[in-house]
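# Observations on the model geometry
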Amino acid sequence: MNFVPQHDQMDCGPACLAMIASHYGVDFTLQYLRDKSFITREGVSLLGISEAAEKIGFKTVAAKSQIKNLNNSLLPCILHWNQNHFVILYKISKNVLTGKPVFKIADPGHGYITLSEEKFEKNWIFDEDKGVVLFLEPTEDLYQQNPPKEKKLSIKFLLNHLKPYKKQMLQMLLLLLFGTITTLVFPILTQKLMDEGVSKKDLSVISYILIAQLAFFFGNIIFNIFRNWIMLIVGTNINIRIISDFLKKLLKLPIKFFDTKLMGDFNQRIQDHERIETFLTSQSLITLFSAITFSVFFAVLWYYDVTILVVYIILTLVSVIWSLFWMKKRKILDYFRFQQRSENQESIYEIINGVSEMKLNQFENYKREKWEEIQQKLFKTNIRILKLDQVQLSGFEFINQLKNIIVTFLAASFVVKGSMTLGELLSVSYIIGQMNSPVNELIQFFRSLQDAKLSLSRLNEVQDHPEEEKENQVPLLSKKYTEQNGIQRGVYFKNVSFQYEGPRSPYVLKDIDLFIPEGKVTAIVGASGSGKSTLMKMFLKFYEPVNGEIYFNHLNSKDISPKDLRKNCGTVMQDGFIFSDTIERNIAAGDENIDYDKLEKALTTANIKSFVEELPLGLKTKIGASGNGISGGQKQRILIARAVYKDPKFIFFDEATSALDADNEKVIHDNLQSFFHGKTAVIVAHRLSTVRNADQIIVLKQGKIVEQGSHKELVSKKSDYYHLVKNQLELGD
């Protein structure tokens, strides 16, 4: 069974499934299994893993089981671990000394673990003496699968990032070459110093040689200064390019992709780029010239003595093999550290952003302790990495030191026998010292390459994900939408159903048949959790229907460019975002050249003009996360102004006035009535004052349409709508 570490915090389920598939000789990529498992930001359910397993060719049985019912004939199986994680039990054996059972676990977030029965029980059992287990049995379908292959990243792929900087890289190569040449002069000067100067007691020769050494040393310093400048310029540009490409691709992905990721996962991926830059700008070039230096010194050592060279090469190969042996283990630990650093960032982000709520609810100690738990996990992983590095480095250094001693002994014995001069001995010692450095650089190169490939593979998980925009999609206002085709114009929902987590999860919307007439106002009401916001997001193509179709006139929403659709929509979402920027930029958003006439109209419609005029910098006032604090009502009015500024064809408001006081709401409501004229508006709201004047009202209940009509019609029925607004009716009708 190949061990598959989880890449992100929520990947434990798909990683377990990938390991079990590999046990039966079939390899699946983690992303492929993520898509099959209906993973969410909260992780993946056992049901999601089971469905994914059945799709790829396993027969599954989920059960609550006792420890005594587990045996090797049923393994490997997936266990629900600590009520928040999934691991694989792949073997049960007996302790040789005690005879007690021991359990072999493959934990995608930690590695291979061996546990006693007591510790196993503590982590797995949760309901009296039972724990949750998923048994998997392969079928013929598994072996007929043709899963996508994981892209292997080569050195050539990494070096493609250097193509735009050929001139600078050539300059760095020349500077490194000059530095190498100056280094090669030192052993020759050392030999001459001893044989021509010290042995013959010639002070003038000694002086000339020492001055030459100083001059070459000074030249080396100059070359390094220029090289470091070029390295900074190239490195910075590569950094910008890698992260810019990452963000460019990220922003083209569908909203559903972001539902499965946490902030820490993205932050850690972006921080990972430093390892790619280090490899490309410094490590690769240094290793190249280390190889050249090694080759030249190799030839010089051959010239001095072949026996010494053979001994040196044999022991060097042993030290390199020793180091490479430990790198695979280090690769797995790198995944664990990435995941835990991601958790750490997510925890810090939550603490900083939720500080008000934490103080209000005395949540500080709990959250701080949770953060400390993450630090302990990270500490343990760092300890494991340190132990591995120390074993690798200690063995490498020991073999190197042994090599130096043996070579020095051989050279000294040749001097004693008279077959080598003292100057040649010192020169050989210098060469051995210089050849050790390229070997160290080679090991560092392999480690840096491994780090860079791991980091780039994480960034490429985003690059390989399908984009939201498809090639054959058309603009919203295309011929099929605008032509007069005999039907009533508007938006049609035809038998639309939607689920967030796969075929067996509960329906958020079920069998929705709905018509939104063009140029009219439609209100959607219903209790919390009835599917109102999800329905709104379906209009905007944030999610595609699981069943059914959505049409804009005769144009199927699947054929419409999501970007163009949203360009024609003015939207205020329930969780609308205020950017850390000026008020005018928050309203004009992506409009590069702000139209101040439209801006003025938007401010007036949203009844926020007086608030803006009172600010010292007016429209230039910076607000948001790092700016002035604004109230919930002011935030909503800015969001309304943003929607109005676009002057769109469609208006979508999701509880857009819920934070407003009665006076502001009345003014904005009246202003919006004229703005809505000729536009198709869909409003989600609870307040009677917002919905009573709508042309039609849709009542949702548990994801289904239960009533539809005008305010008067629905009140007279005294059914679901009547009960929703009953208290408000007593006050205002």
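Predicted model, so just to flag it, every value in this text is computed and none were measured.

Quick notes on the rules
Residues numbered from 1 in each chain as written. Predicted model: local features only at pLDDT ≥ 70, side-chain atom pairs only at ≥ 80, totals over all residues. Heavy atoms only, no water. Patch = residues over 30% accessible without salt bridge, like charges linked within 9 Å, V, L, I, M, F, W, Y side chains within 5 Å. Areas by Shrake-Rupley, 256 points an atom, 1.4 Å probe, with all protein chains shown as cover. Salt bridge = Lys/Arg side-chain N within 4 Å of Asp/Glu carboxyl O. Helix = DSSP H or I, 4+ residues; strand = E, 2+ residues; numbered from the N terminus. Polar contact = N/O pair within 3.5 Å; in protein donor to acceptor, adjacent residues only side chain to side chain. Contact = heavy atoms within 4.5 Å. Domains from an automatic or database assignment. Phe/Tyr/Trp six-rings, centres within 6.5 Å; stacked < 30°, edge-to-face > 60°. Buried < 20%, exposed > 50% of the residue type's maximum accessible area, 1.4 Å probe, protein only. Lys NZ or Arg CZ within 6 Å of the ring centre and 35° of its normal. Pairing = 2+ DSSP bridges. Axes fitted to C-alpha atoms, helices over the stretch in contact; angles between N-to-C directions. Core = buried A, V, L, I, M, F, W, Y, C linked by side-chain atoms within 4.5 Å. UniProt positions renumbered as here; feature names shortened; annotations may be inferred. Lys, Arg positive; Asp, Glu negative; His and termini not counted. Charge placed at Lys NZ, Arg CZ, Asp CG, Glu CD. Disulfide = S-S within 2.5 Å.

Residues Leu214, Phe217, Phe218, Ile221, Ile222, Ile225, Phe226, Trp229 and Leu232 make up a contiguous nonpolar surface patch of about 950 Å² in total accessible area. You can see phenylalanine 226 is positioned in helix H8 (residues 203-250).

Looking now at the side chain of serine 37. Assignment of secondary structure puts serine 37 in helix H2 (residues 30-37). Within the local environment of serine 37, its side chain forms a polar contact with the backbone oxygen of leucine 33, the two atoms lying 2.7 Å apart. Not counting residues within four places of it along the chain, the set of residues in contact with serine 37 comprises Pro14, Val44, Gly48 and Ala52.

Below, the discussion takes up the domain arrangement of the chain. Examined at the domain level, the chain breaks down into domain 1 (11-144), domain 2 (155-464) and domain 3 (519-538 + 562-731). Domain 1 and domain 3 are separated by 47 Å when their C-alpha centres are compared.

Time to look at the packing of aromatic side chains. Taken as a whole, this structure holds 21 aromatic pairs when the rule is applied. Centre to centre, the rings of phenylalanine 498 and tyrosine 543 are 5.2 Å apart; their planes meet at 40°, and the pair counts as tilted. Of this pair, phenylalanine 498 sits in strand S7 (residues 490-498) while tyrosine 543 is found in the loop between helix H18 (532-539) and strand S10 (547-552), placing the two residues 45 residues apart along the sequence. Judged by relative accessible area, tyrosine 543 falls into the buried class, the value being 6%. With a centroid separation of 5.2 Å and an interplanar angle of 70°, the aromatic rings of phenylalanine 577 and phenylalanine 579 are classed as edge-to-face. The exposure class of phenylalanine 577 is exposed, given its relative accessible area of 54%. Within the aromatic cluster, the residues linked to one another by ring pairs are Phe493, Phe539, Phe552, Phe650 and Phe652. One Lys or Arg, lysine 510, reaches over the ring of tyrosine 507 and ends 4.1 Å from the middle of that ring.

Before going further, it helps to examine the sheet that holds strand S16 (residues 680-684). One open sheet accounts for 6 strands, arranged S12-S15-S16-S9-S17-S18; its pairing is mixed. On the outer flanks of this sheet lie strand S12 (569-572) and strand S18 (704-709), each paired with one strand and no other. Sheet twist, expressed as the mean angle between neighbouring strand axes with direction ignored, is 15°. Two elements, strand S17 (residues 696-701) and S18, share 5 bridges in a ladder whose sense is antiparallel. Its bridge partner lying in S18, lysine 701 is registered against lysine 704.

On to the pairing of strand S6 (residues 131-138). For S6, the buried fraction is high: 6 of the 8 residues fall into the buried class. In the sheet, strand S2 (residues 77-81) pairs with S6 via 3 bridges, with the strands oriented antiparallel. Its bridge partner lying in S6, cysteine 77 is registered against phenylalanine 135.

In this structure, Ile587, Ile640, Phe653, Leu672, Phe676, Ile697 and Tyr721 are the most contacted members of the largest nonpolar core, which totals 45 residues. Among the elements that line this core, the one with the most residues is helix H23 (residues 632-645), at 7 residues. Leaving out residues up to four positions away in the same chain, phenylalanine 676 has contacts with Val521, Ile651, Phe653, Ala681 and Ile683. Counting 36 residues, the second-largest nonpolar core is a separate cluster that includes Cys12, Ile49, Phe86 and Ile88.

On to the UniProt feature "transmembrane region" (unreviewed entry) in the chain, then. UniProt marks residues 169-190, 202-223, 285-303 and 309-327 with the feature "transmembrane region" (unreviewed entry), using the numbering shown here. When the span residues 202-223 is considered, its composition is 95% helix and 0% strand, and the gap between its end C-alpha atoms is 32 Å. Within the segment residues 309-327, helix and strand shares are 95% and 0% respectively, and the terminal C-alpha atoms sit 27 Å apart.

Tracing the backbone through its elements, the reader meets glutamate 707 in strand S18. As a buried residue without a salt bridge, glutamate 707 has its nearest oppositely charged side chain in lysine 717, at a separation of 4.7 Å. At 3.2 Å, the side chain of glutamate 707 and the backbone nitrogen of aspartate 720 are in polar contact. Filtering out sequence-adjacent residues up to four positions away, glutamate 707 remains in contact with Ile697, Ile698, Val699, Leu714, Lys717, Ser719, Asp720 and Tyr721.

Attention now moves to the sheet that holds S10. What the 4 strands build is an open sheet, ordered S8-S7-S10-S11; its pairing is antiparallel. Since the sheet does not close on itself, it has two edges, and those belong to strand S8 (509-517) and strand S11 (555-556), each with one partner. Of the pairings in the sheet, the one linking S7 to S8 comprises 6 bridges and is antiparallel in character. Each residue of the ladder has a partner; that of valine 491, found in S8, is isoleucine 516.

On the surface, a cluster of positive charge is contributed by Lys248, Lys252, Lys563 and Lys567. Topologically, lysine 252 is positioned in the loop between H8 and helix H9 (255-258). Overall, lysine 252 belongs to the partly exposed group, its relative accessible area being 36%.

Summed over the entire model, instances satisfying the criterion amount to 0 disulfides. With no disulfide of its own, cysteine 12 lies closest to cysteine 16 among cysteine sulfurs, the gap being 6.2 Å.

Next up on the list: the pattern of salt bridges. Within the structure shown, the criterion is met by 13 salt bridges. One salt bridge connects arginine 368 with glutamate 372, and the closest N-O pair in it is separated by 2.9 Å. Of this pair, arginine 368 and glutamate 372 both sit in helix H15 (residues 364-417), separated by 4 residues, roughly a single helical turn. Since its relative accessible area comes to 38%, arginine 368 is described here as partly exposed.

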